Structures are given as C-alpha cells and as structure tokens.
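# Close look at the chain arrangement
Listed below are the residues making up each chain.
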Amino acid sequence: MEREFGFTQADYDRVSMHAYRIAGIHLGDSRKEMVYSRLSREVRRLRLPSVAAYLQYLDQAGQHEWTRFVNVLTTNLTSFFREAHHFSILSEKVLPHAARPVRIWSCGCASGEEPYSVAISCYEYLGDDATAVNILATDINTTILQQAEAGEFERERVQGMSPERLRRYFLNGSGAFEGRVKVKTLLRQCISFRMLNLVQPVWNIEGQFDAIFCRNVMIYFDKDTQYQILRRFVPLLKQPHGLLFAGHSEAFFHAKDLFTPIGATTYRVTESAA
Ligand SMILES: C[S@@+](CC[C@H](N)C(=O)[O-])C[C@H]1O[C@@H](n2cnc3c(N)ncnc32)[C@H](O)[C@@H]1O
C-alpha cells in the first residue's frame, strides 16, 4: 500500500527507541502500521514530508511536542467496571480492613472509567461520603487525563450499568450534550487526577494505599521495567491487606519475591518483601 509519508524501518526503530526511553513502552516488531497511522497525523499537522523529517523536528522541538509524541503513541482502551471481579475483591478483601479515608491509586487511568468505577464501588460499600474515599488517578497521557477529569462520556459507555448506579452517579446530557452523561460532583470530588510517568525515577507520592490498580499498563513494558515498577509499589501498599490489581493478560511470576498472586490477577506483597 502506498503511504502518504515516507516511513522506513530505521524511522520505526528510532520511534521505538524514544517510546522506550521516555515512557518505557516496548513497541516490538508488530506495531509498525499502528505507529505509522498515529504519527502520520502529527506529520500532517506539522506539514512535514516524512516521519524522518518529523523525528528530526522532534530533536529540536520543546517538551510540548514530545508530550504530543507520547500521547499519540499510548493506547487508552478502557471501560467502566472492566474485569468486574476486581471490584468485588476490592469490596470483599480490601474495604472491610481499610481505615478512613480509603486510599486507592489507579495508575494508567486512561479516560477515567477505572477510577470512577473504583469510586462507585467504595461509595456502595462505605456510603456516599466523599471524605471517606481518596483516589489518586494518574496517567502519562495528558490529553486523556483532561478527558478523564471532565468526566463526560458517550451514553453507550455506561450501557450495562444498573439504573440505580446511573441515577446516583451520572447526569444525563441534554441539548448540545444529548447522548452524553457526566459524572456527578460526588464522584468527581474524591478523585485527584494528575500526570505521572511510571518509568520516571521520582513519583512524588506521599503515604500508602489500600489498593493499587495497575491494569493493562504493564503489558506495554518489558519484564525488567515491570520489575522496577513493582519494586516501587511494595512500600506504597498498606500491610497486610493492601492489594495490587493487574490486567487479565499480565502475570508477575518474574517478581515472586515482591508479589504473590492470590487469584484473579490480584496480588499481595510477598511476606519476605513486606
Ligand atoms: C490500556 S490503558 C489501561 C486503562 C485502565 N487501567 C484499564 O485497565 O482499563 C493503558 C494506559 O497506560 C498509560 N501508560 C502507558 N505508559 C505509561 C507510563 N509510562 N506511565 C503511566 N501511564 C502509562 C496509557 O497512557 C494508557 O492510558
């Protein structure tokens, strides 16, 4: 297929090197077409002739362009109550032992469905008291974080949620917002959104969490990067009841010394590491 812009294997290798250097994202060999289709939008916007020219431009560009580069390369697929069993485990195994405010970190929160689902689960267990719940929602992608903070979704994104949940936690859009819903302040106010790159050496996080949701994020990292991040999660989880939730295709067998699986891609800190 004829491409609009030049894109060689050497260009792909350079893109991969930068994605790994900045975000820890391991693109591998199979994402070439995906990378081309996403970067070509940037090449077109900047009226450049090729991906090579775009990469050269990036080398002299400021932080803003690098941020855009990372934003277009990340995959932000998510949904409300994705992998629903994790929310049951949260209510059954974490919340009964948690002091107030309950503290939960959703890292790699994408457009916010995950932290909003966590907030709903907490309220359903604890009652609608925003001071009892404190959720930190972070992501490397600044564009998706803005969407998450706005808390507005296509109505079809909340299809399948019970009428009771919809009534309690969402406002129905009308007029220009027809077909959309917005989370109510109650849900929004217990969540702090901020940019955080998991592979950066400093996270600026204070205190410990009752649970860490790091789901479908590690899948983009190689085993060594995963291990380094898992090592940093250990002191951030409250003991002995704090849990780490991972995505359905993520397994941390290479980090048994740090985390022990308890089933359903859920982990507790390994006793010797605690
Ligand atoms: C597929 S989404 C997962 C969303 C949600 N956790 C879920 O499971 O539905 C992966 C998210 O990880 C984020 N991400 C990728 N690399 C990251 C990094 N180095 N630091 C923080 N977030 C990152 C992406 O921007 C994206 O929003």
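See the structure shown above.
Described below are features of the structure shown in this document. Computed from a prediction, not measured in an experiment: that's the story for all the values here.

### Thoughts on the site of the ligand
- Close contacts around the ligand come from 22 residues, with Thr78, Arg82, Gly108, Asp139 and Asn216 the closest.
- Arginine 82 is positioned with one of its side-chain polar atoms (N or O) 2.7 Å from an oxygen atom of the ligand.
- At a separation of 2.9 Å, a nitrogen atom of the ligand approaches a polar backbone atom of arginine 215.
- Its free accessible area being 600 Å², the ligand has 99% of it covered by the protein chains.
- Assessed atom by atom at 2 Å from the grid points, the ligand resides in the largest pocket.
- Of the residues contributing to the shell around the ligand, the split by class is 10 nonpolar, 8 polar and 4 charged.

### Points about the sheet that holds strand β10 (residues 266-269)
- Strand order in the open sheet formed by 7 strands is β6-β2-β1-β7-β8-β10-β9, with mixed pairing between adjacent strands. Each having just a single partner strand, β6 (191-195) and β9 (259-263) make up the two edges of the open sheet. Ignoring which end each strand starts from, the neighbouring axes of this sheet average 20° apart.
- As paired elements, β9 and β10 share 4 bridges and run antiparallel to each other. The residue of β10 that forms the bridge with threonine 260 is arginine 268.

### What about the packing of aromatic side chains?
- The final tally for this structure, using the stated rule, is 16 aromatic pairs.
- When the ring of phenylalanine 7 is compared with that of tyrosine 36, the centres are 5.5 Å apart and the planes differ by 35°; the resulting orientation is tilted. Placement of the pair is phenylalanine 7 in the segment before α1 (9-23) and tyrosine 36 in helix α2 (residues 32-45), with a sequence separation of 29 residues.
- Since its relative accessible area comes to 9%, tyrosine 36 is described here as buried.

### Here we look at the sheet that holds strand β5 (residues 180-183)
- Across the sheet, which stays open at both edges, the 3 strands sit in the order β3-β5-β4 with antiparallel pairing between neighbours. The open sheet terminates on both sides in strands that have one partner only, identified here as β3 (152-154) and β4 (170-172). Strand-to-strand twist across the sheet, computed as the mean angle between neighbouring axes with direction ignored, equals 30°.
- Relative to β5, β3 runs antiparallel, the two sharing 3 bridges. Looking across to β5, one finds that phenylalanine 153 is bridged to valine 181.

### Side note on the pattern of salt bridges
- Under the criterion given, the structure shown has 17 salt bridges.
- For arginine 215, the salt bridge identified is with glutamate 114, shortest N-O distance 2.8 Å. One end of the pair, arginine 215, is in the loop between β7 (211-214) and α10 (223-233); the other, glutamate 114, is in helix α6 (residues 113-126), and 101 residues separate them in sequence.
- Among the residues examined, arginine 215 registers a relative accessible area of 4% and is labelled buried.
- Note that aspartate 210 and lysine 238 form a salt bridge whose closest N and O atoms lie 3.2 Å from each other. Placement of aspartate 210 in the loop between β6 and β7 and of lysine 238 in the loop between α10 and β8 (243-246) is noted, with a sequence separation of 28 residues between them.
- Residue class for aspartate 210 comes out buried when judged on its relative accessible area of 6%.
- The class for lysine 238 is partly exposed, based on a relative accessible area of 23%.
- Overlapping salt bridges, with partners in common, bring together Glu42, Arg45, Glu65 and Arg68 in one network.

### Focus: α10
- If you check which residues of α10 are buried, you get Thr225, Gln226, Ile229, Leu230 and Phe233. All buried residues of α10 fall inside an arc of 135° around its axis, so they share one side.
- Of the surrounding secondary structure, the elements contacted by the buried residues of α10 are α1, β1 (102-107), β7, β8 and β9.

About the thresholds
- Residues numbered from 1 in each chain as written.
- Predicted model: local features only at pLDDT ≥ 70, side-chain atom pairs only at ≥ 80, totals over all residues.
- Heavy atoms only, no water.
- Near = heavy atom within 4 Å.
- Polar contact = N/O pair within 3.5 Å; in protein donor to acceptor, adjacent residues only side chain to side chain.
- Areas by Shrake-Rupley, 256 points an atom, 1.4 Å probe, with all protein chains shown as cover.
- 1 Å grid on protein atoms, 1.4 Å probe; cavity = no way out; pocket = protein on both sides within 12 Å on 5 of 7 lines; lining within 4 Å.
- Sits in = over half its atoms within 2 Å of the grid points.
- Nonpolar A, V, L, I, M, F, W, Y, C, P; charged D, E, K, R; others polar.
- Pairing = 2+ DSSP bridges.
- Helix = DSSP H or I, 4+ residues; strand = E, 2+ residues; numbered from the N terminus.
- Axes fitted to C-alpha atoms, helices over the stretch in contact; angles between N-to-C directions.
- Phe/Tyr/Trp six-rings, centres within 6.5 Å; stacked < 30°, edge-to-face > 60°.
- Buried < 20%, exposed > 50% of the residue type's maximum accessible area, 1.4 Å probe, protein only.
- Salt bridge = Lys/Arg side-chain N within 4 Å of Asp/Glu carboxyl O.
- Arc of directions from axis to C-beta.
- Contact = heavy atoms within 4.5 Å.

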